[in-house]
Amino acid sequence: MSTVDALPQFADLHLLTVLAQTRSYTAAARRLGVSKASVSMRIAELERAAGVPLVRRTTRSVGLTEAGSQLVDDVQAAFAQIEHGFGRVRDQADHPRGLVRVTAPVALGRQHIAPTLAAFVARFPEIRIDLDLSDRLVNLAQEGFDLAIRHAEAPPDTHVAWTLCDTRSLLVASPAYLQRRGLPRHPRELAGHDCLLYLRAGGNESWAFEPAVAAPAVTRARAALSRARRQAKGRTPEATAVDGPVVVPVRGPLRANNSEVLREAALDGLGIGLLPDFSVGAHLAHGALVPLLPGWRPHGYFGERIFAIRPWAPRVPRAVQCFVEHLREALAGGFGVAAR
């Protein structure tokens, strides 16, 4: 088959490589901006041209046959090189352009990223942003995202990462709740309170604290905290303290995987919440929420920095670089309470 004869299949071959990554007709269609029916039809046409089945369809997922896997292995490096070469040429344009697909946590995205987008678009009118707000940890390569905004202790080693700002977790409650249930003076007392829990895999229902100590003692305190956590596993609901740090089993009337939901519950007096500062800063300033246990610092719950991350690649597209720099400028001051 000549190159001219093969031209109609080039786009379909690229579609097959995307399908191999996403394992889903729907996800492949979303990434490429076409309909699911179009993806199915084009794969069928590619199979007819190849003369062998390339895709194995089940009720739950899409996989490749041995022939399909071999074909993807043979062509995906070439498509990656084409994308790399075209990206380098496009970056030479006078004005940055292109689509940047971004995923971010719901609360952070709604409250602190979305309000900055108008200024970014005004500055870079030829860059388009797809902002997907989700509190799940998406697979960037599989789902076709260029960038993820995450709060974590440290970024994955396999990714390129930019630090956007510092953040911290804050223990808060409404004045009405504290009037009804009393003010906790020590982390151990939280075991007897109604606590609002972040719903996450593994169902970890404990909060960890370390004394708000000077910097030279932080490393020792965190090492002790790790020991406390290991010793606390499998125990009955009883706070564990070693050399100061404390791990407290907690329970309460509500669990949710979104900090805005938990914040609203705390504002309604439903319980004590351990929430990221970017969700509660304004409510603390107005007195609608009260910070608790000022002598203690929650640790290891949400992460202490906001990162922009993307899978490692030999080059970062200029449009992505522009958006990262925009976020670094917009979030440079943090959230007003990280240093307290």
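Residues numbered from 1 in each chain as written. Predicted model: local features only at pLDDT ≥ 70, side-chain atom pairs only at ≥ 80, totals over all residues. Heavy atoms only, no water.

(A) Looking closely at the overall build of the protein chain. Within the protein chain, the secondary structure is distributed over 12 helices and 16 strands. Put simply, 75% of the contacts in the protein chain that link residues at least 6 apart link residues at least 24 apart. Put simply, the protein chain shows about 17800 Å² of open surface, and 52% of that area lies on carbon and sulfur atoms. (Helix = DSSP H or I, 4+ residues; strand = E, 2+ residues; numbered from the N terminus. Contact = heavy atoms within 4.5 Å. Areas by Shrake-Rupley, 256 points an atom, 1.4 Å probe, with all protein chains shown as cover.)

(B) Looking closely at the environment of His14. Within the fold, His14 resides in helix α1 (residues 3-22). By relative accessible area, which is 31% here, His14 ends up partly exposed. Ignoring sequence-local partners within four residues, the contact set of His14 consists of Leu32 and Phe79. (Buried < 20%, exposed > 50% of the residue type's maximum accessible area, 1.4 Å probe, protein only.)

(C) A look at the pattern of salt bridges. Evaluated as defined, the whole model comprises 10 salt bridges. Here Glu126 ties to Arg97 by a salt bridge, and the two come within 3.1 Å at their closest N and O atoms. Residue Glu126 is located in the loop between α6 (117-123) and β4 (127-133), and its partner Arg97 is located in the loop between α4 (66-90) and β3 (98-104); the two are separated by 29 residues in the primary sequence. On the basis of relative accessibility, which here comes to 34%, the residue Glu126 falls in the partly exposed class. Glu260 is the partner of Arg110 in a salt bridge, and the nearest nitrogen-oxygen pair spans 3.0 Å. Taken together, the residues Arg110 in helix α5 (residues 106-113) and Glu260 in helix α10 (residues 259-267) connect sequence positions 150 residues apart. Residue class for Arg110 comes out exposed when judged on its relative accessible area of 52%. (Salt bridge = Lys/Arg side-chain N within 4 Å of Asp/Glu carboxyl O.)

(D) The packing of helix α2 (residues 25-32) against helix α3 (residues 36-50), seen in detail. With their axes 8 Å apart at the nearest point, α2 and α3 run at an angle of 105 degrees to one another. Judged on the interaxial angle alone, α3 and α2 are roughly perpendicular. In this structure, α2 contributes Tyr25, Thr26 and Ala29 to the contact, and α3 contributes Lys36, Val39, Ser40 and Ile43. In terms of residue class, the contact of α2 with α3 is made up of four nonpolar, two polar and one charged. (Axes fitted to C-alpha atoms, helices over the stretch in contact; angles between N-to-C directions. Parallel < 35°, antiparallel > 145°, perpendicular 65-115°, else oblique. Nonpolar A, V, L, I, M, F, W, Y, C, P; charged D, E, K, R; others polar.)

(E) Just the sheet that holds strand β13 (residues 272-276), in detail. Across the sheet, which stays open at both edges, the five strands sit in the order β12-β8-β13-β7-β14 with mixed pairing between neighbours. Two strands in the sheet have a free side with no partner beyond their single neighbour: β12 (251-256) and β14 (290-291). In this sheet, β12 lies alongside strand β8 (residues 194-198) in parallel orientation, the contact comprising four bridges. Considered in β12, the bridge of Leu196 is made with Leu254. Most of the contacts of α10 go to β8, to which it runs at about 165 degrees, and overall it touches β8, β12 and β13. Strands β7 (169-173), β13 and β14 of the sheet are contacted by helix α11 (residues 277-285), whose axis makes an angle of about 115 degrees with β13. (Pairing = 2+ DSSP bridges.)

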